[in-house]
Amino acid sequence: MQAAALHDPHPTRTTPRTDPTVEDPVTASDLIVDPRHRTDWATGAVLGDGVETLERRVADLAGVFADGAALAALDPELLVYRTECVFPVPDGTEGGLFWGTTFIQPGRVGEEYFMTKGHFHATSDRAEIYLTYAGTGLLVLMSRDRTCWAERMSVGSTHFIPAHTAHRTVNVGDDILAFGASWPSDAGHDYASIAADGFSARVLRIGGRPALVPQ
Ligand code: M6P
Ligand code: ZN
């Protein structure tokens, strides 16, 4: 068929054409191909070509939690969170998207729940979307005037992170918190602002329950 030879939508494909877990109800055609990635809705695991993983352990998180002594008492190798992400275009590309899943372990540093470092976007006017696959958490948001608030995360909760808004996720449950994220490929991560000034509130266990506590 001539048309198929003219257009390969996935010229760099390395995965098999047929996913054995999915019944194919579609007529065989070179113009209809399998997706390059799949997400396991139960766990958030991202499967497919070129998924990049990143791990953040206790040793990587100095200065992030309020109680430095409690952090120092933990095994430096203890995993706090990790990501499985897809970067289909080079970092910094205007008009592209990145996506992936973040998995935060259950746990605390003193009375502060395990959480991500958190960041503004380096290109500050870029937004982001989150979608929870598993667990319970809080998405802590902070505007440039340092107003802090949080949204509850549970399976299916979907969150719009506006431009110019720092974001950090906190696992307040007893199981892994897994959430998907997608953000513009020219957003970048500004960790320095958070390292310098922090968020204006922290999620602490008070009376056995999580509370957003102004600092
Ligand atoms: C989400 C996205 C990523 C981010 C990750 C971990 O998946 O927002 O961009 O890297 O969470 O958060 P952080 O980079 O703040 O540690
Ligand atoms: Zn972001």
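## Side note on the pairing of strand β14 (residues 201-206)
And then number 1: Pairing geometry for β14 and strand β15 (residues 209-214), over six bridges, is antiparallel. For L204, the partnering residue across the bridge sits in β15 and is A211.
And then number 2: Linkage of β14 to β15, two consecutive antiparallel strands, is achieved through a turn of two residues, within which G207 is found at a positive phi near 60°.

## Side note on the site of ligand 1
And then number 1: Surveying the vicinity of ligand 1 reveals the residues T83, G100, T102, T116, K117, G118, H119, E128, A181, W183 and H189.
And then number 2: Of all the elements in the fold, those that place two or more residues in the shell around ligand 1 are β5 (97-104) and β13 (177-184).
And then number 3: Across the shell around ligand 1, the residue classes tally to two nonpolar, seven polar and two charged.

## Quick notes on the nonpolar core
And then number 1: Within the largest apolar cluster, 33 residues are counted, with the highest numbers of intra-cluster contacts made by L138, L139, V140, V170, F179 and V203.
And then number 2: Those elements that provide at least two residues to this core are β4 (79-86), β5, β8 (128-134), β9 (137-143), β10 (148-153), β12 (165-171) and β13.
And then number 3: If you tally residues by element for this core, the top one is β9, at five residues.
And then number 4: If we ignore the near neighbours within four places in the chain, the residues touching V170 are Y113, M115, G137, L138, V140 and V203.

## Some points on the sheet that holds strand β3 (residues 52-57)
And then number 1: On the basis of which strands lie adjacent, the open sheet formed by six strands has the order β3-β4-β5-β13-β8-β11 and antiparallel pairing. Both outer strands of the open sheet, β3 and β11 (158-161), are each paired with one neighbouring strand and no more. The average undirected angle you get between the axes of adjacent strands in this sheet is 20°.
And then number 2: As paired elements, β5 and β13 share eight bridges and run antiparallel to each other. Pairing of F103 across the sheet is with A178, part of β13.

The rules behind each value
- Residues numbered from 1 in each chain as written.
- Chains lettered and ligands numbered in written order.
- Predicted model: local features only at pLDDT ≥ 70, side-chain atom pairs only at ≥ 80, totals over all residues.
- Pairing = 2+ DSSP bridges.
- Helix = DSSP H or I, 4+ residues; strand = E, 2+ residues; numbered from the N terminus.
- Near = placed C-beta within 6 Å.
- Nonpolar A, V, L, I, M, F, W, Y, C, P; charged D, E, K, R; others polar.
- Core = buried A, V, L, I, M, F, W, Y, C linked by C-beta atoms within 7 Å.
- Buried ≥ 20, exposed ≤ 12 C-beta atoms within 10 Å, placed from the backbone.
- Contact = placed C-beta atoms within 7 Å.
- Axes fitted to C-alpha atoms, helices over the stretch in contact; angles between N-to-C directions.

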